[in-house]
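Coordinates in review
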Amino acid sequence: MLQRMGRSTAFAPSLLVLGHGRRASVRAEIPSAPDERLRRDLSWIFARTGEALRPVLNQSKNLETKGGTLSTRHNGRAGRPGGRSGGGRVQPLSSHSPRPVYSAHPLQGKVFDFDIERLALGGAGVAKMPEAAGAEHAGMTVFVTDALPGGRVRARIDAVHRRHAEATRVETLSPSPDEVAPLCPHFAACGGCPLQNLDPARQLEWKQRQILDALERIGKVTPDRVLPAVPAPALIGFRNKMEFAFQGLGESLRLGLYAKTDSGRVFDVDACAIFPEAGMPVLAAVREACRAAGLSAYDRRTGQGLLRHLVLRHGVLQNRLLAQLITAPVPADSAPAAAIRAMGEDLLRRFPALAGFVHAERARADGLAQAERTMLALGEPALIEGLENARYVVGADSFFQTSTGGALELYSAVRELAVPTPEDVVFDLYSGGGGIALFLALSSPGPDRVLGLEANPAAVADAEANARLNGLAKGSGPAVCRFLRADLTGEHPAPERLPDGFAKPDVVVADPPREGLDAGVAAWLNTLRPSRLVYVSCNPATLARDAGVLAGPDGSFRLTALRVVDLFPHTAHAECVGLFEPRSFEPRSFEPRSFEPGSFEPGFVEPGPSEPL
């Protein structure tokens, strides 16, 4: 499908969006309009789409912005015909086309005082441009980074758009009444927990308000019931996975996180408030070992160097760690490979809590901490994690929610809204390693037939292994949990041939990536009309967009209940669970629940010898 983004058809729009959801892409097109018109239309697109389109724009290789200027670049591919709603062709820019360069806005770089009114989706403080900026801009919405609601700050204008401006706090004139002391010594340098200085209860209040606002503004949908939000079960040491980056070489080699004020610079980390303390000595030992071996960090710009990432995982059930060192490709018989093996063996001797060490490679010139090939595995290759009765094998490359206690709260919220019975057939879309599917199948009472659909073949293999571990593979117990590879795009996302007994689901759980549902999946769900559709989302903008399709004027459902779950305290992110029921059904009532934050206690027994890794 071709969607043309523009206010009118009087001139060619600046951007064309091809496809929908995960398949969407963006092509740049320069109209024959003045530069001011081009800037105005790009601002309009961002204002209309917000965060829903921003991931697509960030991934586009045809559009880049630097220092407040807009430039386009040739992608080297031929244009493609327009779709049913667009017509025409999208012509790539010629390599000889001049790059349009825009001068900085007169307000850019100027400093003003702002009263922060609220918190925006994404975590920035929201204020109004003061009269000192001039009558033309007074009252314009300004998004101020590092600013909390109720505070007064002095901030520098970074960019001015048609309907809003962006600014960075340079001084706090009066603090917010909700400001608290940060927990981490690296708070000022690290941008990983930007809301760590905001009272946790107020964090959750703002997150719920933002999600409800997105549903109303973007999807034009209001839930029948807003259930009490679930606070984070722990505020420190709750993350079970951290990705650390390398930079430099020799004695100047650094291993840590990217700096908040300089996203290209890595600084050494010696403490992290959100990861268990047991991981910090392992991090320091890897840093020192790499320095002693003379290993250098990989440089994406030049393709030179070796070290890319260190990924540490923590398993709550067994209280053990797993380390994965990701490097550029290196010959197995080389001196660096030998140094990495020696380092892994030394780490396993020194740290009893370290279950295993994995050396993996990634050749692509990007910043992702994802392995393409495993070169070496010492000790145990995976951890065993548990949520209630369910057990999960979590390997170095497995997907698992980054907060184990938060995952238990999230899956419990899904079960609460899905209310599965033994007679129900449950479909779990985007099932990953089988987290939600297995949790529901092992619930009491729970469904006897659960089918997970997932596009990633590696995740399907992980889910099948987890089903065998839990005795839920075909024929091994009273309940059956099956997993199939499915595209989850297009008009027919489910495989044409389903296992016996799985013809039509009574309950569907959908936990899509940040891009949300593909248009074909949403249309399929509107046709399928299960009695209960539980939507799990980590992106309010795409949830709101999809809610408008499912529960809008042309949809088959009502959004009957919504619950927010805080899996990511100290950040602007939260998960939420929405219950969609067919319009002909009477919405169910829910007993009110109250939550008190506290330490997460799994309450599981250590797996015995009969539960293999």
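The notes below deal with the structure included here. These numbers come from a predicted model, not from an experiment.

On to the overall build of the chain. Within the chain one finds ten helices and 28 strands. The buried share among the 613 residues of the chain stands at 52%. Within the chain, contacts between residues at least 6 apart in sequence are counted, and of these 64% link residues at least 24 apart. When the accessible surface of the chain is split by element, carbon and sulfur atoms take 50% of a total near 27,800 Å².

With that settled, consider the packing of helix α3 (residues 200-219) against helix α10 (residues 540-551). Where α3 meets α10, the closest approach of the two axes is 8 Å, and the angle between their N-to-C directions is 45 degrees. Looking at the two axes, α3 sits oblique to α10. Like other packed secondary-structure pairs, α3 and α10 cross with a definite hand, here right-handed. Packed against α3, whose contacting residues are Ile-211, Ala-214, Leu-215, Ile-218 and Gly-219, the element α10 presents Pro-540, Ala-541, Leu-543, Ala-544, Arg-545, Ala-547 and Gly-548 at the interface.

A separate point is the pattern of salt bridges. Enumeration according to the criterion identifies 28 salt bridges in this entry. Its salt-bridge partner being Asp-366, residue Arg-308 comes within 3.6 Å of it at the nearest N-O pair. Residue Arg-308 is found in strand β16 (residues 307-315), and its partner Asp-366 is found in the loop between β18 (354-361) and β19 (373-379); the two are separated by 58 residues along the sequence. Exposure class is identical for Arg-308 and Asp-366. Each is buried. Ionic contacts of the salt-bridge type, sharing partners, join the residues Asp-113, Asp-115, Arg-152, Arg-154 and Glu-171 into one network.

For helix α8 (residues 457-469), built from 13 residues, the straight-helix expectation of 18 Å at 1.5 Å per residue is met to within 8% by its first-to-last C-alpha distance of 18 Å. Among the residues of α8, those classed as buried are Ala-459, Val-460, Ala-463, Asn-466 and Ala-467. Buried residues of α8 fall within an arc of 120 degrees about the axis and therefore sit on the same side. Among the structural elements, β21 (390-395), α7 (435-441), β23 (449-454) and β24 (480-485) are those in contact with the buried residues of α8. For α8, the N-terminal cap is Asn-456; the gap from its side-chain oxygen to the backbone nitrogen of Ala-458 is 2.9 Å. At the C-terminal side of α8, Gly-471 shows a positive phi close to 70 degrees.

Moving on, we come to the state of the cysteines. Counted under the stated rule, the structure contains zero disulfides. Of the cysteine sulfurs around Cys-538, a residue in no disulfide, the closest is that of Cys-576, at 8.9 Å. Given a relative accessible area of 21%, Cys-538 falls into the partly exposed group.

All told, the structure shown has four aromatic pairs when counted by the stated rule. We note Arg-209 situated over the ring of Trp-206; from NZ or CZ to the ring centre the distance is 4.2 Å. For the cation-ring pair, Lys-260 lies above Phe-187, with the distance from its terminal atom to the ring centre recorded as 5.2 Å.

Next up on the list: the environment of Pro-336. Take Pro-336: it is sitting in helix α5 (residues 335-350). Given a relative accessible area of 27%, Pro-336 falls into the partly exposed group. Note: C-alpha distance between Pro-336 and Gly-294 (42 residues apart in sequence) is 8.9 Å. With near-sequence residues (within four places) excluded, Pro-336 lies in contact with Leu-295, Leu-306 and Val-330.

For the rest of this paragraph, the subject is the pairing of strand β13 (residues 241-247). The element β13 is extensively covered by neighbouring structure, given that five of its seven residues are classed as buried. Here β13 pairs with β16 via five bridges, running antiparallel. Bridge pairing in β16 links Met-242 to Leu-312. Examined bridge by bridge, β13 and strand β14 (residues 254-258) share three bridges and lie antiparallel to one another. Bridged to Gln-247 within β14 is Arg-254. A loop of six residues connects β13 with β14, the two strands running antiparallel in sequence, and Gly-248 in this loop sits at a positive phi of about 90 degrees.

Here is what the cut-offs are and how they apply
- Counting of residues starts from 1 at the beginning of each chain's written sequence and follows it residue by residue.
- Reporting in this predicted model follows two pLDDT cut-offs: at least 70 for local features of residues, and 80 or more for side-chain atom pairs to be given and counted; totals over whole chains, interfaces and linings ignore these cut-offs and use all residues.
- Heavy atoms from the whole structure form the basis of all side-chain values; hydrogens and water molecules are not counted.
- Only DSSP runs of H or I covering at least 4 residues are called helices, and only runs of E covering at least 2 are called strands; the numbering of each starts at the N terminus.
- Buried means the residue's accessible area, taken with a 1.4 Å probe over protein chains only, is under 20% of the maximum for its type, while exposed means over 50%, and partly exposed covers the values in between.
- Contact definition: two residues touch when any of their heavy atoms are within 4.5 Å.
- Here, Shrake-Rupley sampling with a 1.4 Å probe gives the accessible areas, and only protein chains in the shown set may cover a residue.
- Fitting a line to C-alpha atoms yields each axis, with helices limited to the stretch in contact; the angle taken between N-to-C directions then spans 0 to 180 degrees.
- Here the word oblique covers every angle except those under 35 degrees (roughly parallel), over 145 (roughly antiparallel) and from 65 to 115 (roughly perpendicular).
- Helix crossings fall into two classes, left-handed where the near helix is turned counterclockwise from the far one by less than a right angle and right-handed where it is turned clockwise.
- When a carboxyl oxygen of Asp or Glu lies within 4 Å of a side-chain nitrogen of Lys or Arg, that pair is called a salt bridge.
- Expected span of a helix, by definition, is 1.5 Å for each gap between consecutive residues, and there is one gap fewer than residues.
- As used here, the arc belongs to the directions running from the helix axis to the C-beta atoms.
- Contacts described as polar in this section are N or O atom pairs within 3.5 Å, which, within protein, must combine one atom able to donate a hydrogen with one able to accept it, while residues neighboring in sequence count only if both atoms come from side chains.
- Here, a disulfide means two cysteine sulfur atoms that sit within 2.5 Å of each other.
- Only Phe, Tyr and Trp rings take part, Trp by its six-membered ring, and two of them pair if their centres are within 6.5 Å. Stacked means planes under 30 degrees apart, edge-to-face means over 60, and tilted covers everything else.
- Whether a charge sits over a ring comes down to the Lys NZ or Arg CZ being within 6 Å of the ring centre and within 35 degrees of the ring normal.
- DSSP calls a pair of strands paired once it identifies at least 2 bridges connecting them.

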